[in-house]
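Secondary and tertiary structure notes
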Amino acid sequence: MEYLVVTLIGVIFAIASLVLLALGLAIIYGMMGVINLAQGEFIMLGAYTVVLSSAHGLDLWVGMALAPVVVGLVGLLVERCIVRFLYGRLLDTMLATWGLSLCLIAAVTLILGPSTEGVATPFGHVAIGGYVVSTYNLFVIAATGFLVALTWGLFNRTRFGLIARGAMQNADMVAVLGIHPPTIYMITFALGSALAGLAGAIMAPLTGVVPSLGLAFVAKVFITVTVGGAAIFSGTLGAGTLLGAIESAVSFVSTPIYGQVAMLGSALVVLRFAPQGISGLWRRSD
Amino acid sequence: MSDGSAPSGAFQNRSASAGPVSETLLETQGLSKNFGGVKAVTGVDFRLGRGELRCLIGPNGAGKSTFFKMLSGQLPPTAGTILFDGSDITGEPPHKIARLGIGIKNQVPSVWDGLSVYEHFFIAAHRRLGARRAAAVADELLMKLGLATLARRDVGALAHGERQWVEIGMTMAQDAKLILLDEPTAGMATDEVERTVALLRAVNISTSLIIVEHDMQFISMIAGIVTVFHQGRILIEDTMENVLTNPVVREVYLGAGRPGR
Amino acid sequence: MAPVRLSVLEPLLWAAGAVALAVVPFALSTFQVVQITVFLIFCLLAVSLDLSWGLAGLLSFGQAAFFGLGGYAYAILCANDETPGVALAAGTVAGGVAAGLLGYIAFYGRLSTMFLAVTTLVVTLILLQVLGSTADPSYHVGAAVLGGYNGMTNIPPLLHEPTPFFWTAGGLLFLVIVSGRLLMAAPFGRILAAIRENERRVELLGYDVRGHKLAIFALSGAIAGLAGALFASWGGFINPEVFSLAQSAQVVIWVLVGGRGSLYGAAIGALLVQAMTQYLGYIGTAYTTLVLGALLVSFVLMMPNGLLPTFLRGLSSIGIRQR
């Protein structure tokens, strides 16, 4: 019985981490149709923020609060200098952000060195029957739930969210109402970047932080967002649940690499039958 | 045959150039298309005779382009059937429908900007002909459409009217049994419109046509039976004169349908 | 964006190229001949991507995957005592089959071009991890031990002398470029160009475009596989580095910088960028990655058509006719 609970927690943790990491890109892609191949590096920068601030004596939680701010600003800069010239050009955006990804990895390697950094995992353990579960894993699950709810609230219950969703559907109408769509895009991109930074910060205590950290996540994050489709929240949650469960199940019985392979395989199967992703299935369709 | 408040039944579908009621080439039964909550086309029963030239009119958003897209396979219908030349083509992919003999010129010219006019016609003909015969067909079309001087120019550099002709020419090169033309004279000057009318009349000798148009002068020049679409359904089907004097049509069209441009 | 057509000049260019390839080894030192041979192999890889991306509009971020699989196929067959010639053919087939499989899933599954790009990237990264994890000697194919991150070494070359190998690589590049240009001018090539410009329009004429896309994508993969096999033969080694993000990026950068659609542009891009990378390599690989990334970003923003088309357009604007 306890074994079941512990396994379940493990699966939920895998799902939660996937959703946490993918949320930023889901917003950028869902709201603006932009594929940001540097999203992994935004996650990496968030992790490094925590690592560096800890190394300078700041509390872990201060570092975690700092990460979204830092990476949000980076995202703002990226949007202003690169992305905004390429709206509507999907493949070109992918190429440019891929170039950015290379630059960021190289820059961090040159400035901070290629070796692995880390921070200790806080909290401790919780005992369930004869098993122990890292309390931090539970924290991650809770944090993900909180962030998803918060972001959902932002986009569905605030004036900003309404305007942003309006701009996504029909930029001209929004402009007629006196709001400048490019500003909305800029804020949305910065928000997506900040979320990625925060995700990186939260995941930092759980992995070795290296400049190529983003590469480990970019594949999973992209697959999740593509399978999720245009519906930011329901799509990402649905895809995260499906793919996260499959990945953790397969990784458990073999290796993490095959877990990734299984994830990609399932994604291809899903997309074969639902080319618009899971969200496509939920629309009252044609 | 039609839906809504129109009188049904006792008129014959007759094209200006062909004889009395001919065999059915195209028939739709209860054809519908929904996009989420939007009902673009609802329960359309449509019939076209072989060799006929039919005009489709209606306000913007009446469902004409959506209807065409279903006929050409670009959109799968939500309900209903499409029968073409004896086969059920409902929901078939575009390339299969094209092979069965339906060509389409889309509302916004759908061409290849980086390829020359000659290449457009060649590729269109090459689907069913070998390279040499396709080349001959391409040359012939260049002459017929008066585009010979533009043969090697990239279509991206052409004027709007010329791009329309290129796309129309492609449908001719296909040697289709039925050509769907969505606003073939949009953006054309009067002399270009006249040339297009002459061209389409010549095409109609061997090919059935359905033409969506807003230009009433064009429609009166080309004659034939007119089908009026409104809010996704067929409102009325009759000759041009009767349609224009019909009070329901005038109400629906209030503000639109001025003669000429 | 129309591919560059050189018409009458072109066969002259080919003749000049053939002569140059034949004669150049005699003017250079052995070391230089060996150096340029690998450049020729990279040109071949770049041209393979241009056939898929520049001609047909199919962007693959994973051309390196087909390249690497070709190299590994060559190495594995050679280690199992196959003749190098057969191994070379096997490398080509490996690249073609892999591309065919991926292409089948993408085109017959009606997946978007964006998804093709992302999937090819993901597959490359997965290959990197899978082959990197084969360090244990129990991972072998016949007599060939895969060797994990260290890869395979002591791979027998196709030809032992540098100059004949130079001619082989150069000859294959020449063959591919000439056939590629002929293909582009033939009806099949024009149809692919049309698919690139407006796929729906081609379908509406009755063409089943899925088959066309699959054919060119598989061909592109086969040529990349051939380049990979040549590379393994050239260096005598192959390791999972060929599947790295940097390698995948390089191929795309070569074609982007040189210019898509002419095949010549891709080759020129490969030469220029590799020469630059080699120079920077003396400073350090992180700098190389930084510069590559910066190149990618700047070209996409400022010169998305690449060098050759921009140069030729410049020529025609000062009066030199392009056609």
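Procedures and definitions
Residues numbered from 1 in each chain as written. Chains lettered and ligands numbered in written order. Predicted model: local features only at pLDDT ≥ 70, side-chain atom pairs only at ≥ 80, totals over all residues. Helix = DSSP H or I, 4+ residues; strand = E, 2+ residues; numbered from the N terminus. Buried ≥ 20, exposed ≤ 12 C-beta atoms within 10 Å, placed from the backbone. Contact = placed C-beta atoms within 7 Å. Rg over C-alpha atoms; globule rule 2.2 N^0.38 Å. Nonpolar A, V, L, I, M, F, W, Y, C, P; charged D, E, K, R; others polar. pLDDT = per-residue confidence, 0-100. Pairing = 2+ DSSP bridges. Axes fitted to C-alpha atoms, helices over the stretch in contact; angles between N-to-C directions. Parallel < 35°, antiparallel > 145°, perpendicular 65-115°, else oblique. Expected span 1.5 Å × (residues − 1). Bend = angle between axes of the 7 residues up to and from the residue. Core = buried A, V, L, I, M, F, W, Y, C linked by C-beta atoms within 7 Å. Domains from an automatic or database assignment.

Our focus in this paragraph is the overall build of chain A. Assigned secondary structure in chain A consists of 12 helices and two strands. Looking at the 286 residues of chain A, the share that counts as buried comes to 51%. Contacts in chain A between residues at least 24 apart in sequence constitute 74% of all its contacts with a sequence separation of at least 6.

Each helix and strand in chain C was counted, giving 13 helices and two strands. Rg of the C-alpha trace for chain C: 19 Å, near the compact-globule value of 20 Å for 323 residues, within the 12% margin. For chain C, the spread of C-alpha atoms along the principal axes amounts to about 60 × 50 × 35 Å. Taking all 323 residues of chain C together, the buried fraction comes to 53%. Counting contacts in chain C only where the partners sit at least 6 residues apart, residues at least 24 apart contribute 77% of the total.

Every contact between the two is made by 17 residues of chain C and, on the other side, 21 residues of chain B. Elements with a contribution of two residues or more to the side of chain C that touches chain B: α7 (187–197) and α8 (199–203) of chain C. No other element matches the six residues that α7 of chain C contributes to the side of chain C that touches chain B. Each residue belonging to the side of chain C that touches chain B can be placed in one class, and the counts come to nine nonpolar, two polar and six charged.

All names here are of chain C. Taken over all residues, the pLDDT of chain C has a mean of 88, while the share at 70 or more is 96%. By mean pLDDT, strand β1 (residues 140–141) is the weakest element of chain C at 77, and helix α9 (residues 209–235) is the strongest at 96. Under the prediction, the complex receives an ipTM of 0.86, its pTM being 0.86.

The next point concerns the sheet that holds strand β8 (residues 208–212) of chain B. All names here are of chain B. The six strands are arranged β6-β7-β8-β3-β9-β10 in an open sheet whose pairing can be described as mixed. The open sheet has two edge strands with one neighbour each: β6 (102–105) and β10 (233–239). Direction aside, the axes of adjacent strands within the sheet are offset by 20 degrees on average. Judged from the six bridges that link them, strand β9 (residues 225–230) and β10 form a sheet pairing that is antiparallel. Note that in β10 the partner of Phe229 across the bridge is Ile234. Those strands touched by helix α1 (residues 64–72) are β3 (53–57), β6, β7 (178–182), β8 and β9, and its axis lies near 150 degrees from that of β7. Along the sheet, helix α5 (residues 160–173) contacts β6 and β7; its crossing angle with β6, the most-contacted strand, is approximately 175 degrees.

Turning our eyes to something else, we now look at the interface of chain C and chain A. Across the boundary between the two partners, chain C contributes 30 residues, which contact 32 residues of chain A. Going through the elements one at a time, α5 (113–132), α10 (245–258) and α12 (285–302) of chain C are the ones with two or more residues in the side of chain C that touches chain A. With 10 residues, the single largest contributor to the side of chain C that touches chain A is α12 of chain C. A class-by-class count of the residues in the side of chain C that touches chain A yields 24 nonpolar, five polar and one charged.

Residue and element names in this part refer to chain A. Two numbers describe how helix α1 (residues 2–32) lies on helix α8 (residues 181–203): the axes approach to 9 Å, and their chain directions differ by 170 degrees. In terms of their interaxial angle, α1 and α8 are classed as roughly antiparallel. Contacts between α1 and α8 involve Ser17, Leu20, Leu21, Leu23, Gly24, Leu25, Ile27, Ile28, Met31 and Met32 from the former and Tyr185, Thr188, Phe189, Leu191, Gly192, Ser193, Leu195, Ala196, Ala199, Ile202 and Met203 from the latter. Residues of the contact of α1 with α8, tallied by class, amount to 16 nonpolar, five polar and no charged.

Peptide bonds are mostly trans, and most non-glycine residues show a negative phi. Backbone geometry at Asp175 of chain B places phi at a positive 55 degrees, although glycine is not the residue there. Along the polypeptide, Asp175 of chain B turns up in the loop between α5 and β7. Here Leu263 of chain C, not a glycine, exhibits a phi torsion of approximately 70 degrees, which is positive. Leu263 of chain C gets classed as buried once you count the C-beta atoms within 10 Å, which come to 30.

Residues and elements named next belong to chain A. Along its 31 residues, α1 runs 44 Å from first to last C-alpha, staying within 8% of the 45 Å computed at 1.5 Å per residue. Considering bend angle alone, the principal kink of α1 is centred on Ala22 and spans about 40 degrees. Gly33 lies just past α1 and shows a positive phi near 70 degrees.

What follows is about the sheet that holds strand β5 (residues 87–88) of chain B. Residue and element names in this part refer to chain B. A sheet is described by the order of its strands in space; here four strands give the open sequence β2-β1-β4-β5, paired in antiparallel fashion. Strands with a single pairing partner mark the edges of an open sheet, and in this sheet they are β2 (38–49) and β5. Where strand β1 (residues 24–35) meets β2, eight bridges bridge the pair, whose relative direction is antiparallel. For Thr24, the partnering residue across the bridge sits in β2 and is Gly49. Across the face of the sheet, α1 comes into contact with β1, β2 and β4 (79–84) while running at roughly 65 degrees to β2.

Turning our eyes to something else, we now look at the nonpolar core. Core analysis: the largest hydrophobic core is formed by 284 residues, its most contacted members being Ala47 of chain A together with Leu44, Ala46, Val47 and Leu296 of chain C. Counting residues per element, this core draws most heavily on α1 of chain A, which supplies 18 residues. Each of domain 1 (1–101 + 176–261) and domain 2 (110–175) of chain B contributes no fewer than three residues to this core. Leave out the neighbours within four places in its chain, and Ala46 of chain C touches Val251, Trp254, Val255, Ala266, Ala267, Gly269 and Ala270 of chain C.

A word on the confidence of the model for chain A. Reading predicted coordinates in detail is not appropriate for stretches of low pLDDT. Summing up the model confidence of chain A, the mean pLDDT is 86 and the portion of residues at 70 or higher is 98%. Across chain A, element-level confidence peaks in helix α3 (residues 60–81) of chain A with a mean pLDDT of 94 and bottoms out in helix α12 (residues 278–282) of chain A with 72.

Here we take up helix α1 (residues 9–27) of chain C. Residues and elements named next belong to chain C. Helix length check: α1 (19 residues) gives 26 Å between terminal C-alpha atoms against 27 Å at 1.5 Å per residue, within 8%. The largest bend along α1 reaches roughly 30 degrees and is located at Leu21, with the proline Pro25 sitting one to four residues downstream. Burial analysis of α1 places just one of its 19 residues in the buried class, which makes it a mostly uncovered element.

With that out of the way, let us pick up the environment of Val243 of chain B. In this structure, Val243 of chain B sits in helix α8 (residues 240–245). Leave out the neighbours within four places in its chain, and Val243 of chain B touches Val226, Val228, Ile236, Asp238 and Val249 of chain B.

Moving on, we get to the pairing of strand β2 (residues 131–134) of chain A. Residue and element names in this part refer to chain A. In this sheet, β2 lies alongside strand β1 (residues 125–128) in antiparallel orientation, the contact comprising four bridges. Residue pairing for β2: Ile128 is matched across the bridge by Tyr131. Between the antiparallel neighbours β1 and β2 lie two residues, among them Gly129 with a positive phi of about 60 degrees.

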